[in-house]
Amino acid sequence: HSSGSSTFSRCRALTSVGGALKVEGAQSLFKMRGGSMRFSDCWAFSNGGALFVMKGLRQQGGDIELMNCSSTSQGGGIYIGLRDGGNLEQDAGSISLNKCYVAGGDFQFGFGGGISVGDSVRQSGTIRLENCHVEGGSGGGMKVRRMLNVSGSMSFSSCRATKDGGAFTADSVYVEGGAKLSFDKCRAKAGGALKLDMGFEQQGGDVSFRNCSTWNVGAQVLKLMSENARHGRGGGAIWIRNGNLTQTAGGLRFYGCGGVKGGAVYISEGHLILKGGKQDYVECVASSGGGGVFLHKGHVFQQKTDLTFQSCKAQRKGGAVDVSHGSYYQSPGTLLNITKCVARDHGGGLFASESLHLADVDFRENFAWGSGMAAIARDDVVMDSMHFTGDGESVISAPLVVVQKTVNCTASQQCRLRAREVQVNEFLCPIGAGRYKGRLAEGCLPCVAGRVQILEETNASCAPCPSNSFCSAQYLRAFPGYMLSSDNISRMYHCPNSMACPGGDLPNKTKPMCGNGYTGLGCAECETATHGKSDVDILQCIPCANERWLQAMQISWLIIKDALAFGIAGASLIGDSLEEKQSNVLLNQFMAFAVVAGSTLSSTMNTKTLKQFSSRNSDIVWWSGLLQPDAGASLECILGYLGLPKTVWHSHLISSVTPVLLMLLFAVIKDVPSALMVGSNCFLPRFWGDVGRFFVCYRIEPEADGGQQICRFLPPQPWALLALFVLLFLGVLLGWWRSVTAAERQRAHVIYLTRGYQPRYASWELERLVRKMVLRLFTALLPVTLFPALHMAGNTLVLLFAWTVHLHVAPYQRAKWNVTEALLLTTALLMTILSNCMIANDSHWGHSVLTQYVLFFVIVSLALVASLVILVMFLLQVYQERFAPQDVEKKTLEE
């Protein structure tokens, strides 16, 4: 028993055991409850360079320190027990040994450079061994004949053995929860840290090995010499001769370990059984197979443990694991991550002579000079799923490869599974690579020239590059006027409104396929939440206001513009006036001209040249809307403000609310015939012409390629609605005709139609009404964004017919009215012809931008000059009629 303090220095046992202290006898047991014992520079000829205990050592407290002690057989510092007995039991306290060793000499089977235990070790305190070694034997730090049971702290640093077990040798090791074992820079010919005959079991705690290796393999740099390969053995950290390495909890880590077979672990006959916890292998090296783990005869059963290999290397097979005669089994729910592992032969990550049964494995940047960048098996490879990073000509190689779920190759440009038969549910290929299937391989390969793949994590093959686009393996940009859908990049869609498609790119989307406010295939739809369809062109999208005051202004303008036009037109009928006022004639002429001018300006503004110009000069938009009351307006936005559905049908209905209310009010003030007459003159062209919006159809693919007409604006029962509008149109014409030819021509509403015309042309106002209706119909049915040529051709034909007939008939009573009408028709016809020239020139590759600007300037000038002149004439005439009636009457009599 010892509880005090004692010091032993330079003690010698020249012919016996126990250089400083010998406790012998059959029942001898050395107990230490406290205090301290220090041994330095002690030596024994046989066993126990400092302390020899026959029966056993039990430490319940205190400290035992040994420095530079040695022997020539067993236990350079401490020897416990004979061959058939002797245990080390440590309940508390500490034991530390530094520079203790067994010299060997004539004894070629020396053991335990620091401690030799004849039976077992049960340890709960602290044991530290540094710089201990054995020359000519095994167990550089400790030799335990049977079991080492650890629940405390043990550390081995720079311990080495000539033969096996640089740190210690034992039959088996059992690590309990709370234990902490560390091994640093331990070396031996086999089992750089541990040499175990029956196995290693870890129930918890933390075990780490750093820079442990066999004698002939460095820990950081792999130097492959044939002589070294002949003399070195396996297990840079652990060598198990006939047993299992079992882990159920805790952490087991290997850093920078190196060996011939198994840079960290070598199991001769046994299994690697992983039931829990975590294992890490980092920068482990093997000069033969298994950079991390080598199993000569046995299997790997990864049931619950998460397993990670990083930067491990093997000269031959299995950069991470080499199962030389067995299989690898991984259960679902566990992690297997193999990163940057290398094999000079085959299987950059895994090698199995039989089969690989994997659940979810992550291979990252592994490499093999031969086949199987990630893994190779002589039998089948069966996996649930796999993630691969890096480039692999042959990622997995086996006779049969089966992946039940997904092979994720999104971090690799080349990823192929090589086998006589490959069964994979799904490959996920990265941008620039597509699904490939050959006779003996299947996977993801980079797209060749003329093919493209721009989807992330896709099972799709590389697709042919679409027309009208700039295309590379992983980038696609549509030309302006076209758009692509990422769902099918081989199909190029034409945009009905070419200006809605700026020429977007995929997959970066630095420029969107559709312009702001546009969406859908062909960018033919508007973003419902923020935009509405234009009232002038149904294929244009107008931004809706967010501020309440702007919304109120737009709703007010909807009412005011209709009320203003109706009020001016109906003012002359108040009081049953029978005067033939010139202002009304001028107003009708101006309204007819405004319809043509607005349509013409819309056509010119939708050319590419002016769209580009207006994007740089936003004020130019004002010019396009100068003669268009509806330019920049969207009834769909107003529907949105009011919480109503944004549809063409609802837009048409809401546009009729103000006219109906105005006509009802005028019917009360004046009479029903007058209200109908003025209302139809002001609003019927718009109401009837806008019916064409329902029947706008377009294609987004050529008819030759199977493109179908898309008519998505049709209301419920479209043909019944069309018949109703035709009947309405015919009914209004018949009503006008009967009013003009009726006997009571002195009624105010009849005079409203016939004033200004010669008696024989009293019904000529019908020509103007039909002209405005047809022009409005062309604007709605043939939007300039979709059919610019047809739109302008229709306008030209209508105007040419009206111009020819008017010059021939001259229907007005006064010559100056005929001249004014002829000049307005001539100006409108000239504007239309110039617009046709501008549209045709815009599509020609050799057009001049300056020419386009000149044409547009001339068109705008004609519209502005004609509008200003007629407006000045109208205002002067209104002034004379209102404020100088006598002069007007006198002038009228003179004329």
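Residues numbered from 1 in each chain as written. Predicted model: local features only at pLDDT ≥ 70, side-chain atom pairs only at ≥ 80, totals over all residues. Heavy atoms only, no water.

**With respect to the overall build of the protein chain**
Along its length, the protein chain carries 16 helices and 64 strands. The burial tally for the protein chain puts 56% of its 895 residues in the buried class. Here the analysis covers contacts within the protein chain between residues at least 6 apart in sequence; of these, 71% occur between residues at least 24 apart. (Helix = DSSP H or I, 4+ residues; strand = E, 2+ residues; numbered from the N terminus. Buried < 20%, exposed > 50% of the residue type's maximum accessible area, 1.4 Å probe, protein only. Contact = heavy atoms within 4.5 Å.)

**Examining the packing of aromatic side chains**
Aromatic ring pairs are defined here through the distance separating the ring centres and the angle between the ring planes. Under the definition given, this model contains 18 aromatic pairs. The interplanar angle of 10° and the centroid separation of 5.5 Å between the aromatic rings of phenylalanine 301 and tyrosine 329 together place this pair among those described as stacked. Here tyrosine 329 lies in strand 42 (residues 328–330) and phenylalanine 301 lies in strand 38 (residues 300–302), a separation of 28 residues in the sequence. Members of the aromatic cluster, joined through ring pairs, are Phe156, Phe168, Phe183, Phe209, Phe254, Tyr281 and Phe309. Between the NZ or CZ atom of lysine 195 and the centre of the ring of tryptophan 239, over which it lies, the distance is 5.6 Å. Positioned above the aromatic ring of tyrosine 255 is the side chain of arginine 210, whose terminal nitrogen or guanidinium carbon lies 4.2 Å from the ring centre. (Phe/Tyr/Trp six-rings, centres within 6.5 Å; stacked < 30°, edge-to-face > 60°. Lys NZ or Arg CZ within 6 Å of the ring centre and 35° of its normal.)

**As for unusual backbone geometry**
The omega torsion of the bond from leucine 506 to proline 507 falls at 0°, within 30 degrees of zero and hence cis. Along the chain, the position of proline 507 falls in the loop between strand 60 (505–506) and strand 61 (518–519). We note that asparagine 68 has phi near 60°; this positive angle belongs to a residue other than glycine. As for its position among the elements, asparagine 68 is in the loop between strand 9 (63–67) and strand 10 (70–71).

**Some remarks on the nonpolar core**
In terms of nonpolar packing, the biggest core is built from 105 residues, with Phe168, Phe183, Phe209, Phe254, Phe309, Ile396 and Leu417 touching the most fellow members. Not counting residues within four places of it along the chain, the set of residues in contact with phenylalanine 309 comprises Tyr281, Gly292, Val293, Ala320, Val321, Leu336, Asn337, Ile338, Thr339 and Cys341. Ile489, Cys523, Ala524 and Leu733 belong to the second largest nonpolar core, which has 44 residues in total. (Core = buried A, V, L, I, M, F, W, Y, C linked by side-chain atoms within 4.5 Å.)

**Describing helix 13 (residues 788–809)**
The end-to-end C-alpha separation of helix 13 is 31 Å, in line with the 32 Å expected for 22 residues at 1.5 Å each. Looking only at helix 13, the buried set comprises His791, Met792, Gly794, Asn795, Thr796, Val798, Leu799, Ala802, His806 and Val809. (Expected span 1.5 Å × (residues − 1).)

**Some words on the pairing of strand 37 (residues 293–297)**
Across a regular strand the side chains alternate sides, sitting on one face of the sheet and then on the other. As judged from the 4 bridges shared by strand 33 (residues 265–269) and strand 37, these two strands associate in the parallel manner. Residue pairing across strands places tyrosine 266 opposite phenylalanine 294, the latter belonging to strand 37. (Pairing = 2+ DSSP bridges.)

**Considering the pattern of salt bridges**
Inspection of every chain in the model, using the stated rule, returns 22 salt bridges. One salt bridge in this structure joins glutamate 767 and arginine 771, with 3.1 Å as the shortest N-O distance. Of this pair, glutamate 767 and arginine 771 both sit in helix 12 (residues 765–781), separated by 4 residues, roughly a single helical turn. Comparing glutamate 767 with arginine 771, the two get one shared label, buried. Three or more residues joined by partner-sharing salt bridges are found here, namely Arg58, Glu89, Asp91 and Arg122. (Salt bridge = Lys/Arg side-chain N within 4 Å of Asp/Glu carboxyl O.)

**Re the sheet that holds strand 60**
Read from one edge of the open sheet, 3 strands run 56-57-60, paired in antiparallel fashion. One side of each edge strand has no neighbouring strand; the edge strands of this open sheet are strand 56 (469–472) and strand 60.

**Thoughts on the pairing of strand 17 (residues 126–130)**
Because side chains alternate across strand 17, one face comprises the buried residues Ile127 and Leu129, and the other comprises Thr126, Arg128 and Glu130, none of which is buried. Pairing of strand 13 (residues 94–98) with strand 17, which is carried by 5 bridges, proceeds in the parallel orientation. Directly across from isoleucine 95, in strand 17, lies its bridge partner isoleucine 127. Across 5 bridges, the pairing between strand 17 and strand 21 (residues 153–157) is parallel. Its bridge partner being in strand 21, threonine 126 is matched across the sheet by serine 153.

**As for the state of the cysteines**
By definition, a disulfide is the covalent link that joins the sulfur atoms of two cysteine residues. In this structure the tally under the stated criterion is 9 disulfides. At a sulfur-sulfur separation of 2.0 Å, the disulfide partner of cysteine 447 is cysteine 462. Judged by the torsion about the S-S bond (-85°), the cysteine 447/cysteine 462 disulfide is left-handed. With cysteine 447 in the loop between strand 53 (441–446) and strand 54 (451–452) and cysteine 462 in the loop between strand 54 and strand 55 (463–464), this pair connects stretches of sequence that are 15 residues apart. (Disulfide = S-S within 2.5 Å.)

**Some thoughts on the confidence of the model for the protein chain**
Chain-level statistics for the protein chain give a pLDDT mean of 84 and a share of 88% at 70 or above. Low pLDDT, under 50, characterises residues 617–628; the stretch is placed with 20 contacts to residues that sit more than four places away or in other chains. (pLDDT = per-residue confidence, 0-100.)

**Focus: the packing of helix 8 (residues 657–669) against helix 9 (residues 672–689)**
At a closest axis distance of 8 Å, the pairing of helix 8 and helix 9 adopts a crossing angle of 160°. The orientation of helix 8 relative to helix 9 falls into the category roughly antiparallel. For the pair helix 8 and helix 9, the crossing hand works out as right-handed. Between helix 8 and helix 9, the contacting residues are Pro659, Leu662, Met663, Phe666 and Ala667 on the first element and Val672, Ser674, Ala675, Leu676, Val678, Gly679, Phe683 and Arg686 on the second. Its residues assigned to classes, the contact of helix 8 with helix 9 comprises 10 nonpolar, 2 polar and 1 charged. (Axes fitted to C-alpha atoms, helices over the stretch in contact; angles between N-to-C directions. Parallel < 35°, antiparallel > 145°, perpendicular 65-115°, else oblique. Left-handed = near helix turned anticlockwise from the far one by under 90°. Nonpolar A, V, L, I, M, F, W, Y, C, P; charged D, E, K, R; others polar.)

**Regarding the packing of helix 2 (residues 548–570) against helix 9**
Each packed pair of helices is defined by two parameters, the angle between the axes and the distance between the axes. Where helix 2 contacts helix 9, the two axes come as close as 10 Å, and the packing angle between them is 135°. Relative to helix 9, helix 2 is oriented oblique. For the pair helix 2 and helix 9, the sense of crossing is right-handed. On the side of helix 2, the interface is formed by Lys561, Asp562, Ala565, Phe566, Ala569 and Gly570, while helix 9 contributes Ala675, Val678, Gly679, Cys682, Phe683 and Arg686.

**Focus: the side chain of glutamine 202**
Note that glutamine 202 resides in strand 26 (residues 194–202). For glutamine 202, a relative accessible area of 0% corresponds to the buried category. At 3.2 Å, the side chain of glutamine 202 and the backbone oxygen of glycine 204 are in polar contact. When neighbours within four sequence positions are excluded, glutamine 202 is seen to be in contact with Val175, Val207, Thr246, Gln247, Thr248, Ala249, Gly250, Gly251 and Leu252. (Polar contact = N/O pair within 3.5 Å; in protein donor to acceptor, adjacent residues only side chain to side chain.)

**Concerning the environment of alanine 840**
In this fold, alanine 840 is placed in helix 14 (residues 815–842). The partly exposed category is assigned to alanine 840, whose relative accessible area is 49%. Taking the C-alpha atoms as reference points, alanine 840 and threonine 607, 233 residues apart in sequence, are found 9.6 Å from one another.

**Side note on helix 2**
Over its 23 residues, helix 2 runs 33 Å from end to end, which matches the ideal 33 Å to within 8%, given 1.5 Å per residue. Residues of helix 2 that are buried: Gln551, Leu558, Lys561, Asp562, Phe566, Ala569 and Gly570.

**Observations regarding the environment of isoleucine 454**
Structurally, isoleucine 454 is set in the loop between strand 54 and strand 55. The class for isoleucine 454 is buried, based on a relative accessible area of 4%. Sequence-wise, isoleucine 454 and tyrosine 475 are 21 residues apart; in three dimensions their C-alpha atoms are separated by 6.3 Å. Leaving out residues up to four positions away in the same chain, isoleucine 454 has contacts with Ile431, Gln474, Tyr475, Leu476, Ser486, Ile489, Leu506 and Pro507.

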